[in-house]
Amino acid sequence: MTLRYEYAVETEDLAKYYVMGPVTVRALDGVSVKIRRSEYLSIMGPSGSGKTTFFNMVGGLDRPTRGKVFIDEVDIASLDAYELAWLRAKKIGYIFQTFNLIPVLTALENVTLPMVFTGVEREERLRRAREMLTRVGLGERLDHKPGELSGGQQQRVAIARALVNDPVIVLADEPTGNLDLHTGLEIINLLKTLNTEKKVTIINATHDLKMIDVSDRIFWLRDGKIERIETRAEVAVKEVE
Amino acid sequence: MSGEEGVKFPLSEAFSFSLESIKRRFGRALVTMASIVLGISFLTFLLTTGRIVSILYGEGSGVAVQFYQLWMAVIALLICSVGIVNSMLMSVTERYKEIGTMKCLGAMNTHVLEIFLIEALLLGLIGGGIGAVAGWAIATVWQAFTQASPVNIFMVSASLWTEFNASNPLLLLANPLIDIALSVIIALLAALAPAYIAAKLSPTEALRYEV
């Protein structure tokens, strides 16, 4: 009964080994998961558990040692450089712990950037970027450079940038890692709202436990392997016990 | 994937991106440009002076002077190139993270290469232009004040701009326009290696890089 495109992301025995001198580090060691469309997912685990490696593999930013990643049922290893760039520009939005905005560009220009690569007309680009920035609550800060914005505001710009091309999935690597408790919570709630509103799949690599409350499912990662997969309800029950 | 899909980065976009980047990182651009301006103006000054003297007073002083001049010019160019390579390298490495981000947003290797090469081209053109005009002007004024007939000297040095004598590299380089072209070539060559390295970086490598 598999619907076409039921899963936004599928991985099959995904593994990444790094050879460092005599030691082989198994950053990711055989991860097979299926992530549904419009799911809000958190990948939790201690640092070094392979969260970021998973993020990089699924985002098509790095090649796996073994295994496959399917995005919208397309094996991304089969894509050429041109198609891979298109995947990054159109199908995936990235959010980073360190925001990674272009420092010399204004908030508005940062948000228009992904649309440059997907060939959106200039006027349309500006209109959509303005709309998106207003949506994340930065309508008044369009012409500010990242350096003139607070951490939380910068992350909002990054979220606007990640979502402006209507991607299939948004990958967030420790999106709240550089933010204080309160701002972190705001960002989490914003991501959740956008997830519900736009039906976009959101995958967080995080060790921020605040994420659990809004996640549909949580993958617990340890030493490059999936330790267990829980739904929010299961986690909540455990907490009560 | 259908025909509609595919990343785009037309040359006009690359050009405006490079131009903005120069404008907004003007300090960095000035440093790069300063080495170009100095190198090219020194070269142009030297050759303009040489040409004025030899045209007005004959080639009498002869081959020895020319050979000596050529060495001076080559060394000037070398110093200028090393300076440009150095500042290009700096400006690329300090932007590794930006390159990684651009790649996540859909930039391909060629797009990154384009941005940096256009930047180098613009810097070479502007720096070379300023340098060549300055070197030529200083040489002309200097000669006009120290030698006899100033009018004659202005005429001679003005004629250098239209002199394309390919028989002798020294005569050819004495044309300030050729020096501007040379400046562009040097800037492009200097930027090529760092830009290529930057373009080939994988997004993860580029993002991991801390300055």
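Preceding this section is the structure that the text describes.
On a predicted model such as this, the values are computed, not experimentally measured, just so you know. (Residues numbered from 1 in each chain as written. Chains lettered and ligands numbered in written order. Predicted model: local features only at pLDDT ≥ 70, side-chain atom pairs only at ≥ 80, totals over all residues.)

J.: Sorry, what's going on with the packing of helix H5 (residues 151-163) of chain A against helix H6 (residues 181-198) of chain A here?
T.: A packed helix pair is summarised by two numbers, namely the angle formed by the two axes and the spacing between the axes. All names here are of chain A. Where H5 meets H6, the axes come as close as 10 Å, and the angle between the chain directions of the two elements is 20 degrees. Overall, the two elements H5 and H6 adopt an arrangement that is roughly parallel. You can see that H5 and H6 cross each other, and the crossing is right-handed. Between H5 and H6, the residues in contact are Gly151, Gly152, Gln155, Arg156, Ile159 and Leu163 and Thr183, Glu186, Ile187, Leu190, Leu191, Leu194 and Lys198, respectively. Of the residues assigned to the contact of H5 with H6, the class counts are 6 nonpolar, 4 polar and 3 charged. (Axes fitted to C-alpha atoms, helices over the stretch in contact; angles between N-to-C directions. Helix = DSSP H or I, 4+ residues; strand = E, 2+ residues; numbered from the N terminus. Parallel < 35°, antiparallel > 145°, perpendicular 65-115°, else oblique. Left-handed = near helix turned anticlockwise from the far one by under 90°. Contact = placed C-beta atoms within 7 Å. Nonpolar A, V, L, I, M, F, W, Y, C, P; charged D, E, K, R; others polar.)

J.: How do you make sense of the sheet that holds strand E5 (residues 74-75) of chain A when you look at a structure like this?
T.: Adjacent strands of a sheet pair through backbone hydrogen bonds, lying either parallel or antiparallel. Residues and elements named next belong to chain A. Sheet architecture is open: 4 strands sit in the order E2-E1-E4-E5, paired in antiparallel fashion. Either end of the sheet is taken by a strand with one partner, and the two such strands are strand E2 (23-36) and E5. Bridge count for strand E1 (residues 7-20) against E2 is 11 bridges, and the pairing is antiparallel. In the sheet register, Val9 faces E2, and the bridge partner there is Ile35. (Pairing = 2+ DSSP bridges.)

J.: Which parts of the structure should I look at to understand the interface of chain B and chain A?
T.: Buried accessible area, meaning the area lost when the parts come together, often serves as the stated size of an interface. The interface is formed by 22 residues belonging to chain B together with 20 residues belonging to chain A. Contributions of two or more residues to the side of chain B that touches chain A are made by helix H1 (11-24), helix H4 (96-104) and helix H9 (203-208) of chain B. Ranked by the residues each element gives to the side of chain B that touches chain A, the list is headed by H4 of chain B, at 4 residues. Residues that form the side of chain B that touches chain A fall into these classes: 9 nonpolar, 6 polar and 7 charged.

J.: Hey, could you run me through the sheet that holds strand E3 (residues 40-44) of chain A in this one?
T.: Residue and element names in this part refer to chain A. Spatial strand order, E6-E7-E8-E3-E9-E10: 6 strands in an open sheet with mixed pairing. Every other strand in the sheet has two partners, leaving strand E6 (92-95) and strand E10 (225-231) as the edge strands with one partner each. Between one strand axis and the next, the sheet turns through 20 degrees on average, direction left out of account. By the bridge criterion, 6 bridges tie strand E9 (residues 217-222) to E10 in an arrangement that is antiparallel. Each residue of the ladder has a partner; that of Phe219, found in E10, is Ile229. Helix H1 (residues 51-58) contacts E3, strand E7 (169-173), strand E8 (201-206) and E9 of the sheet and is inclined by roughly 150 degrees relative to E8.

J.: Whenever I open this one, unusual backbone geometry confuses me. Can you help?
T.: For residues that are not glycine, phi is negative in most cases, and the peptide bond is trans in most cases. Residue and element names in this part refer to chain A. Even without a glycine there, the phi angle at Ser38 is positive, about 60 degrees. Its location among the elements puts Ser38 in the loop between E2 and E3. Even without a glycine there, the phi angle at Lys199 is positive, about 55 degrees. Checked against the element boundaries, Lys199 lands in the loop between H6 and E8.

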